[in-house]
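# Structure assessment
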Amino acid sequence: MGSVRGNETNLSLKKRKRGGVEICLLDIFMRFKKVYIEITNICNLNCKFCIGHNRAKESLDFSDFKMVLRKIKPYTNYLYFHLMGEPLLHPLINEFIDYASKDFKINITTNGYFIDRIKNNKNIRQINISLQAYDGRKLDYLDNILTSVENLLLAGTIVNYRVWNNYEGVQELIGKLEKFYNTKLNGNTKIKDNVYIDFATEFIWPDINNNYYNKNGSCLALKDHIGILVDGTVVPCCLDYNGSLALGNIYKESLEDIMKSENVKRMLEGFQNKCKIKEICCHCNFYDRIAMKKARDNNEG
Ligand code: SF4
Ligand code: SF4
């Protein structure tokens, strides 16, 4: 669900010749645009579109958080507090942001309900607020989000509202936003300096029991990003809610060892050849959705 404004370098599995010897770029240069960290897998809401997870409910403590940061520091500049759970529920959210911001650019994806807790934090690069979290049933929390956002903007934080345009109540929500910002919202747009809105349709959670199946296709996972669940499980993407694509555990192994595993190489090679080698990836339409959104944006632009 991540939306990034400002990118870094990519991990690549391309092979090159150096001095007549074929080398894998993975061995010499491994960087991700972003790493998702699940600082808690607990959420205050129960959105009807959310698939949930069946893992034990837990939150990262400060010492484990520091260990994770130490291990991923050479591999990215951009941290996203995101995956399952609501990051602003974490009691140490401001301490985590402040500590991590010494070495990383901090991005947060939130349902916005507890935005008060971070509205005075000056160390957040971007906040993505998923306004569909209330599914159109309640809108009273929106006023609090809108005023807190004004505070965050003073610190230079980029604000990105996310709205799914196919849920009940969306027109009422858009009406409130239009009134507050005194503008018409037609499609993905910059509302004002550092405030954006992204419209999208609901996506299909990867699940071997869903009706979507496509073996052919690519994914940005493992090249562009990886995720780390609260128990240290390294996963390829932010949609791996149960860790079914577990690649290793950051508490027990180095990220380099995890990324050099046969499992990772096979997945990457598969994606490069437009072939999904994991069954659950065949039941995931995320990449198709990105491609469709790009095409739509190009047409609108
Ligand atoms: S806010 Fe996010 S994690 Fe929480 S129930 Fe809704 S979709 Fe799931
Ligand atoms: S295709 Fe697989 S790795 Fe990519 S987002 Fe879907 S589940 Fe994750």
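Residues numbered from 1 in each chain as written. Chains lettered and ligands numbered in written order. Predicted model: local features only at pLDDT ≥ 70, side-chain atom pairs only at ≥ 80, totals over all residues.

### Here we look at the overall build of the chain
A tally of regular secondary structure across the chain gives 9 helices and 12 strands. Scored against the burial criterion, the 301 residues of the chain give a buried share of 33%. Restricting to contacts in the chain with at least 6 residues of sequence separation, those with at least 24 account for 69%. (Helix = DSSP H or I, 4+ residues; strand = E, 2+ residues; numbered from the N terminus. Buried ≥ 20, exposed ≤ 12 C-beta atoms within 10 Å, placed from the backbone. Contact = placed C-beta atoms within 7 Å.)

### Re the pairing of strand β8 (residues 189–192)
Pairing between β8 and strand β9 (residues 195–200): 3 bridges, direction antiparallel. Directly across from K192, in β9, lies its bridge partner V195. (Pairing = 2+ DSSP bridges.)

### Some details on the sheet that holds strand β3 (residues 34–37)
Pairing in this open sheet of 10 strands is mixed, and the strands run β8-β9-β7-β6-β5-β4-β3-β10-β11-β12 from one edge to the other. Two strands in the sheet have a free side with no partner beyond their single neighbour: β8 and β12 (248–249). The pairing of strand β10 (residues 225–228) with strand β11 (residues 233–235) spans 2 bridges and is antiparallel. The residue of β11 that forms the bridge with I228 is V234.

### Some words on the site of ligand 2
Around ligand 2, the structure places P206, C219, A221, P236, C237, L239, D240, K276, I280, C281, C284 and F286. In the shell around ligand 2, the residues fall into 10 nonpolar, no polar and 2 charged. (Near = placed C-beta within 6 Å. Nonpolar A, V, L, I, M, F, W, Y, C, P; charged D, E, K, R; others polar.)

### What to know about the nonpolar core
Among the nonpolar cores identified, the biggest contains 62 residues, and V35, I37, L79 and I228 are the most heavily contacted of them. For I37, the contacting residues outside a window of four places in its chain are V68, L79, Y80, F81 and I228. (Core = buried A, V, L, I, M, F, W, Y, C linked by C-beta atoms within 7 Å.)

### Some points on helix α7 (residues 262–272)
Given 3.6 residues per turn, any residue in an α-helix points the same way as the ones three and four places further on. Buried within α7 are the following residues: V264, M267, L268 and F271. The arc that holds the buried residues of α7, viewed along the axis, is 95°, so those residues lie on one side. Structural note: α7 exposes E262, R266 and E269 on the side pointing more than 90 degrees away from its buried face. Two residues or fewer after α7 comes K274, characterised by a positive phi angle close to 55°. (Arc of directions from axis to C-beta.)

### Remarks on the pairing of β3
Residues K34 and Y36 of β3 are buried on one face, and the alternating residues V35 and I37, pointing to the opposite face, are buried as well. As defined by bridge partners, β3 adjoins β10 across 4 bridges and the pair is classed as parallel. Its bridge partner lying in β10, Y36 is registered against G227. Bridge analysis of β3 against strand β4 (residues 78–81) gives 3 bridges, and the strand direction is parallel. Bridging across to β4, V35 finds its partner in L79. This β-α-β element, β3 to helix α2 (residues 62–72) to β4, shows right-handed connectivity. (Right-handed = clockwise from strand over helix to strand, strands pointing away.)

### Some details on the environment of C282
Looking at the element boundaries, C282 is found in helix α8 (residues 279–282). Sequence separation between C282 and G217 is 65 residues, and the spatial gap between their C-alpha atoms is 8.3 Å. Each residue touching C282, except ones within four places of it in the same chain, is listed here: Y213, N214, K215 and K276.

### Section: helix α3 (residues 93–100)
Residues of α3 that are buried: I93, F96, I97 and A100. Along the axis of α3, the buried positions cluster into a sector of 95°, meaning they face one direction only. Looking at the packing, one finds that the buried side of α3 touches α2, β4 and β5 (105–110).

### Comments concerning the environment of N121
Among the secondary structure elements, N121 is positioned in the loop between β5 and β6 (126–130). A count of 19 C-beta atoms within 10 Å places N121 in the partly exposed class. Separated by 23 residues in the primary sequence, N121 and D98 have C-alpha atoms spaced 8.1 Å apart. Ignoring sequence-local partners within four residues, the contact set of N121 consists of N94 and I97.

### Overview of unusual backbone geometry
Positive phi, normally seen in glycine, also occurs at L83, with a value near 140°. Structurally, L83 can be placed in the loop between β4 and α3. Its 26 C-beta neighbours within 10 Å are what place L83 among the buried residues.

### Comments concerning the confidence of the model for the chain
The share of residues in the chain with pLDDT of 70 or more is 84%, and the mean pLDDT across the chain is 87. A low-confidence stretch, residues 1–14 (pLDDT under 50), is modelled with 41 contacts involving residues beyond four sequence positions or located in other chains. Predicted confidence for residues 16–25 stays below pLDDT 50, and this span has 12 contacts to residues more than four positions away or in other chains. (pLDDT = per-residue confidence, 0-100.)

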